[in-house]
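Structural overview
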Amino acid sequence: MSAQPCATDILSRATACRDGSAAAHLKFLSIFVIFFTSMLGMSSPVLLARLFQGKSLYDRAVALIKCFAAGVILSTSLVHVLPDAYSSLADCRVATRHPWRDFPFSGLVTLIGALLALAVDLVASSHVEHAQYAPVKTNEKESSSVESRIELGGGGGCHGGDSTGAVAGEGSAVTDEEMLLRLKQKMVSQVLEIGIIFHSVIIGVTMGMSQNVCTIRPLVAALAFHQIFEGMGLGGCVAQAGFSFGTMVYMCFMFSVTTPMGIVLGMAIFSLTGYDDSNPNALIMEGLLGSISSGVLIYMALVDLIAVDFFHNKLMNSNPKLKKASFLALTLGSAAMSILALWA
């Protein structure tokens, strides 16, 4: 098929719905709607986790929330981000150009994104483990010196000293293991937020550059639900990572503000350059950033969330009912986010 019919068809559809003034009013409305829905989505699992904290159901509730979150994030990457990136680079205004017509760049850049996420994961894990081993060795030396002093002190305190030393040693080992796990969860949450922020900015910039009222009007409602579920996905991971209250508020605010900031940035780009969301250069940038974001999110969802929970979680492996419930939560999260692809 030639490029001329493609361009003519797109132009006729865009002209019928193009209204810069109405589009601007819808964008300003969407900034506030998306901000509050994003805040609601991310804060909900964090507040639920704090509500259950200290209760017998806390660990199970966190596991279910995290599995639902993993499903949302996996669906976001495979059903929303990757197809959008592919569509941008496969658009007839881009695919007829060299080198975009010669190679499947969306798949290549997605692969690069996954490898970058793996590299960050390896470096961060190595740094965390290295930082934690030094205190453990110091504790072992201190423990041995304490035991020597107890033995030199005589038989009266020997039994009590051994018992105390054993308990202290066990407590130290548990603490170090928990610290390693908590630091790993914090790193995963931070990398996830970076990947999701990329996606949110792309959505916002694309919407901000668009002058098509027929596209923006349904997007406002669809993106509101989209941000709720995506926020629940990220919030579920943040809730388990054990950040301080101030850090959680900061992460929640950053997630909530990125799409509105993207909309403002898109409006500024259109005002300064005249580029709208159908400009070939804008489509190329959208496709490349979306592909990187997709690769990061696919890796994090499969490796750092799903694999860790279903294969390395002691609580889940010892409780078949919890594992089944977690798989159901994973499926529900994936399904809920996938259904939204009908609108956004």
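As the structure is a prediction and not an experimental result, all values here were calculated from the model.

1. A look at the overall build of the protein
In terms of helices and strands, the protein carries 11 helices and zero strands. Along the chain direction, N to C, the helices and strands of the protein fall in the order α-α-α-α-α-α-α-α-α-α-α. In the protein, which comprises 344 residues, the proportion classed as buried is 42%.

2. What to know about the side chain of threonine 76
Note on placement: threonine 76 falls in helix H3 (residues 58–90). Assessed through its relative accessible area of 1%, threonine 76 is described here as buried. Within the local environment of threonine 76, its side chain forms a polar contact with the backbone oxygen of valine 72, the two atoms lying 2.7 Å apart. Excluding residues within four positions of it along the chain, threonine 76 makes contact with Val81, His199, Glu230, Leu297 and Met337.

3. Side note on unusual backbone geometry
The residue after histidine 98, namely proline 99, is reached through a cis peptide bond having omega 10 degrees. Take proline 99: it is sitting in the loop between helix H4 (92–95) and helix H5 (105–152).

4. Structural notes on a nonpolar patch on the surface
On the surface, Phe103, Leu108, Leu111, Ile112, Leu115, Leu116, Leu118 and Leu122 cluster together to form a nonpolar patch covering roughly 700 Å² of accessible area. The topology assignment puts leucine 118 in helix H5. A relative accessible area of 32% means that leucine 118 is categorised as partly exposed.

5. Let's talk about the pattern of salt bridges
Using the criterion set out here, one finds two salt bridges in the structure. Put simply, aspartate 91 and arginine 93 hold a salt bridge, and the shortest N to O gap is 2.8 Å. Taking the relative accessible area as the measure of exposure, arginine 93 reaches 25% and is therefore partly exposed. The salt bridge partner of arginine 101 is aspartate 102, with a shortest N-O separation of 3.9 Å. Judged by relative accessible area, aspartate 102 falls into the partly exposed class, the value being 46%.

6. Concerning the confidence of the model for the protein
The pLDDT averaged across the protein works out to 75; a share of 77% of its residues lies at or above 70. The secondary structure element of the protein with the lowest average pLDDT is helix H1 (residues 3–17), at 55, and the one with the highest is helix H11 (residues 320–339), at 91. Within the model, pLDDT remains below 50 along residues 136–174, and this stretch shows six contacts once partners closer than five positions in the same chain are excluded.

7. Section: helix H9 (residues 280–312)
Taking 1.5 Å per residue, 33 residues should reach 48 Å; H9 reaches 45 Å between its end C-alpha atoms and fits that length. Largest kink in H9: about 35 degrees, centred on isoleucine 306.

8. Some words on the nonpolar core
Ranked by internal contacts, the top residues of the largest apolar core, which has 45 residues, are Ile73, Leu192 and Met300. In terms of residue count, the dominant contributor to this core is H3 (11 residues). Every residue in contact with methionine 300, bar those within four places of it in the chain, is listed here: Ala117, Val188, Val191, Leu192 and Leu305. Of all hydrophobic cores here, the second largest spans 12 residues; its members include Ile31, Ile203, Ile263 and Met267.

9. Thoughts on H3
Compared with an ideal rise of 1.5 Å per residue, which puts 33 residues at 48 Å, H3 spans 46 Å between its outermost C-alpha atoms and is within 8% of the ideal. Roughly 35 degrees is the biggest bend found in H3, and it falls at threonine 76.

10. Re the UniProt feature "transmembrane region" (unreviewed entry) in the protein
The positions UniProt marks with the feature "transmembrane region" (unreviewed entry) are residues 28–49, 61–83, 103–124, 191–210, 216–238, 250–272, 292–313 and 325–343. The straight-line gap between the two end C-alpha atoms of residues 61–83 is 32 Å; of that span, 100% is helix and 0% is strand. Span residues 191–210 is 95% helix and 0% strand, its end C-alpha atoms 29 Å apart.

11. Topic: the packing of helix H2 (residues 20–52) against H3
The geometry of H2 relative to H3 is characterised by a closest axis approach of 9 Å and an angle of 165 degrees between their N-to-C directions. As the angle between them shows, H2 and H3 are arranged roughly antiparallel. In this structure, H2 meets H3 at a crossing whose hand is right-handed. Across from Pro45, Leu48, Ala49 and Phe52 in H2, the residues of H3 making contact are Tyr58, Ala61, Val62 and Ile65.

12. Remarks on the environment of glutamine 190
Mapped onto the fold, glutamine 190 is located in helix H6 (residues 158–209). For the pair glutamine 190 and alanine 241, spaced 51 residues apart in the sequence, the C-alpha separation amounts to 9.8 Å.

13. Notes on the packing of aromatic side chains
The final tally for this structure, using the stated rule, is four aromatic pairs. Between the aromatic rings of phenylalanine 103 and phenylalanine 105, the centroid separation amounts to 5.5 Å while the plane-to-plane angle is 65 degrees, which identifies the pairing as edge-to-face.

14. Regarding the side chain of lysine 27
Looking at where lysine 27 falls in the secondary structure, it is placed in helix H2. A relative accessible area of 2% means that lysine 27 is categorised as buried. Not counting residues up to four positions away in its chain, the partners in contact with lysine 27 are Met207, Gly208, Met209, Ser210, Gln211, Ile216, Ile263 and Met267.

Thresholds applied
- Residues numbered from 1 in each chain as written.
- Predicted model: local features only at pLDDT ≥ 70, side-chain atom pairs only at ≥ 80, totals over all residues.
- Heavy atoms only, no water.
- Helix = DSSP H or I, 4+ residues; strand = E, 2+ residues; numbered from the N terminus.
- Buried < 20%, exposed > 50% of the residue type's maximum accessible area, 1.4 Å probe, protein only.
- Polar contact = N/O pair within 3.5 Å; in protein donor to acceptor, adjacent residues only side chain to side chain.
- Contact = heavy atoms within 4.5 Å.
- Patch = residues over 30% accessible without salt bridge, like charges linked within 9 Å, V, L, I, M, F, W, Y side chains within 5 Å.
- Areas by Shrake-Rupley, 256 points an atom, 1.4 Å probe, with all protein chains shown as cover.
- Salt bridge = Lys/Arg side-chain N within 4 Å of Asp/Glu carboxyl O.
- pLDDT = per-residue confidence, 0-100.
- Expected span 1.5 Å × (residues − 1).
- Bend = angle between axes of the 7 residues up to and from the residue.
- Core = buried A, V, L, I, M, F, W, Y, C linked by side-chain atoms within 4.5 Å.
- UniProt positions renumbered as here; feature names shortened; annotations may be inferred.
- Axes fitted to C-alpha atoms, helices over the stretch in contact; angles between N-to-C directions.
- Parallel < 35°, antiparallel > 145°, perpendicular 65-115°, else oblique.
- Left-handed = near helix turned anticlockwise from the far one by under 90°.
- Phe/Tyr/Trp six-rings, centres within 6.5 Å; stacked < 30°, edge-to-face > 60°.

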